[in-house]
Amino acid sequence: MSTPSIDMWFDPICPWAWMTSRWLLEVEQVRDVRVDFHVMSLSVLNDGRDDLPEKYKDLLAQGWGPVRVCIAAARKYGEPVLRDLYTALGTRIHLGKEPLGRELYEAALTDAGLDPALAAAAEETVHDDLLVESHNRGMKPVGTDVGTPVIHAPGPDGSTIAFFGPVVTPAPKGEAAGRLYDGVLLVAGTPGFYELKRTRDLGPSFE
């Protein structure tokens, strides 16, 4: 029997998606699942919106760069390279606090064993149709009133269930990661279940 696949859609600039991705990699160690990574884009999601704080608009303007680099890499090498490229980008963005830009993208591509020349894609629109396609593939089952992370996972009856989240900090490790996974699938796989939420009183902790 093949190992069940969990598909996660990420935007490299989102710290909450980064936390979720690190949790899923822990889940791989304690549950019989494999995580596949795909690109969504907060810049695509919010394109054309004027009701956003200026600081967030500035971030979204910069946010086109890393997702374009990811799409260019996936087109050249295949989507499996996104696992290592996302780790390289996220490590530099969220842990290293490096500024978005050509230098960061070249370094992350090199870290992932990919052609650093792909960093030029950050300023190009040639693959934006592929970016939008990947984004829509992840978002369509959950709607557009959520952001990232988005996860598609096998439900209790084997069919795919899609949901936003979980939003958690710090990322659980070991069996704690597995228990959260079990619980998330339990509630997300319940017919008619839509939301479970409480006010966040902690920022992302990268422990």
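Residues numbered from 1 in each chain as written. Predicted model: local features only at pLDDT ≥ 70, side-chain atom pairs only at ≥ 80, totals over all residues. Heavy atoms only, no water.

### Re the sheet that holds strand β1 (residues 5-10)
Here we have 4 strands laid out as an open sheet, ordered β2-β1-β3-β4, and mixed in their pairing. Strand pairing shows two members of the sheet lacking a second neighbour, β2 (34-39) and β4 (160-164), which therefore form its edges. Strand-to-strand twist in this sheet, taken as the mean axis angle between neighbours without regard to direction, amounts to 20°. Bridge count between strand β3 (residues 150-154) and β4: 5 bridges; the pairing is antiparallel. Looking across to β4, one finds that alanine 153 is bridged to isoleucine 161. On top of the sheet, helix α6 (residues 128-139) reaches β1, β2 and β3; it is set at about 130° to β2, its chief contact. (Pairing = 2+ DSSP bridges. Helix = DSSP H or I, 4+ residues; strand = E, 2+ residues; numbered from the N terminus. Axes fitted to C-alpha atoms, helices over the stretch in contact; angles between N-to-C directions. Contact = heavy atoms within 4.5 Å.)

### Concerning the packing of aromatic side chains
Under the counting rule described, the total for this entry stands at 4 aromatic pairs. Between phenylalanine 10 and tyrosine 86 the ring centres are 3.9 Å apart and the planes differ by 15°, which places this aromatic pair in the stacked class. You can see phenylalanine 10 sitting in strand β1 and its partner tyrosine 86 sitting in helix α4 (residues 82-95), a full 76 residues away along the chain. Take phenylalanine 10 and tyrosine 86: they sit in the same class, and that class is buried. Centroid distance phenylalanine 37 to tyrosine 86: 5.9 Å. Interplanar angle 65°. Geometry classified as edge-to-face. Note that phenylalanine 37 is positioned in strand β2 and tyrosine 86 in helix α4, a separation of 49 residues in sequence. There is no split in this pair, since phenylalanine 37 and tyrosine 86 are both buried. Chaining the aromatic ring pairs together yields one cluster made of Phe10, Trp18, Phe37 and Tyr86. When the ring centre of tryptophan 18 is taken as origin, the NZ or CZ atom of arginine 22, which lies over that ring, is 3.9 Å away. (Phe/Tyr/Trp six-rings, centres within 6.5 Å; stacked < 30°, edge-to-face > 60°. Buried < 20%, exposed > 50% of the residue type's maximum accessible area, 1.4 Å probe, protein only. Lys NZ or Arg CZ within 6 Å of the ring centre and 35° of its normal.)

### Here's the deal with the packing of helix α3 (residues 54-77) against α6
Contact geometry of α3 with α6 gives a least axis separation of 9 Å together with a crossing angle of 95°. It follows that α3 is roughly perpendicular to α6 by the angle criterion. Listed contacts from α6 to Trp64, Val67, Arg68, Ile71 and Arg75 of α3 are Asp128, Leu130, Leu131 and Ser134. For the contact of α3 with α6, the per-class residue count stands at 5 nonpolar, 1 polar and 3 charged. (Parallel < 35°, antiparallel > 145°, perpendicular 65-115°, else oblique. Nonpolar A, V, L, I, M, F, W, Y, C, P; charged D, E, K, R; others polar.)

### Points about the pattern of salt bridges
Oppositely charged side chains can pair when the atoms bearing their charge come close. A full pass over the atoms with the stated rule returns 13 salt bridges. Salt-bridge contacts for arginine 34 lead to aspartate 36; the nearest nitrogen and oxygen are separated by 2.9 Å. By relative accessible area, which is 22% here, aspartate 36 ends up partly exposed. Salt-bridge contacts for aspartate 128 lead to arginine 68; the nearest nitrogen and oxygen are separated by 2.9 Å. You can see aspartate 128 sitting in helix α6 and its partner arginine 68 sitting in helix α3, a full 60 residues away along the chain. For arginine 68, a relative accessible area of 14% puts it in the buried group. When salt bridges that share partners are traced, they join Arg31, Glu175 and Asp182 into one network. (Salt bridge = Lys/Arg side-chain N within 4 Å of Asp/Glu carboxyl O.)

### Things to note about the pairing of β2
Pairing geometry for β1 and β2, over 6 bridges, is parallel. Among the inter-strand pairings, phenylalanine 10 is bridged to a residue of β2, identified as valine 39. Handedness of the β-α-β unit built from β1, helix α1 (residues 15-30) and β2 comes out right-handed. (Right-handed = clockwise from strand over helix to strand, strands pointing away.)

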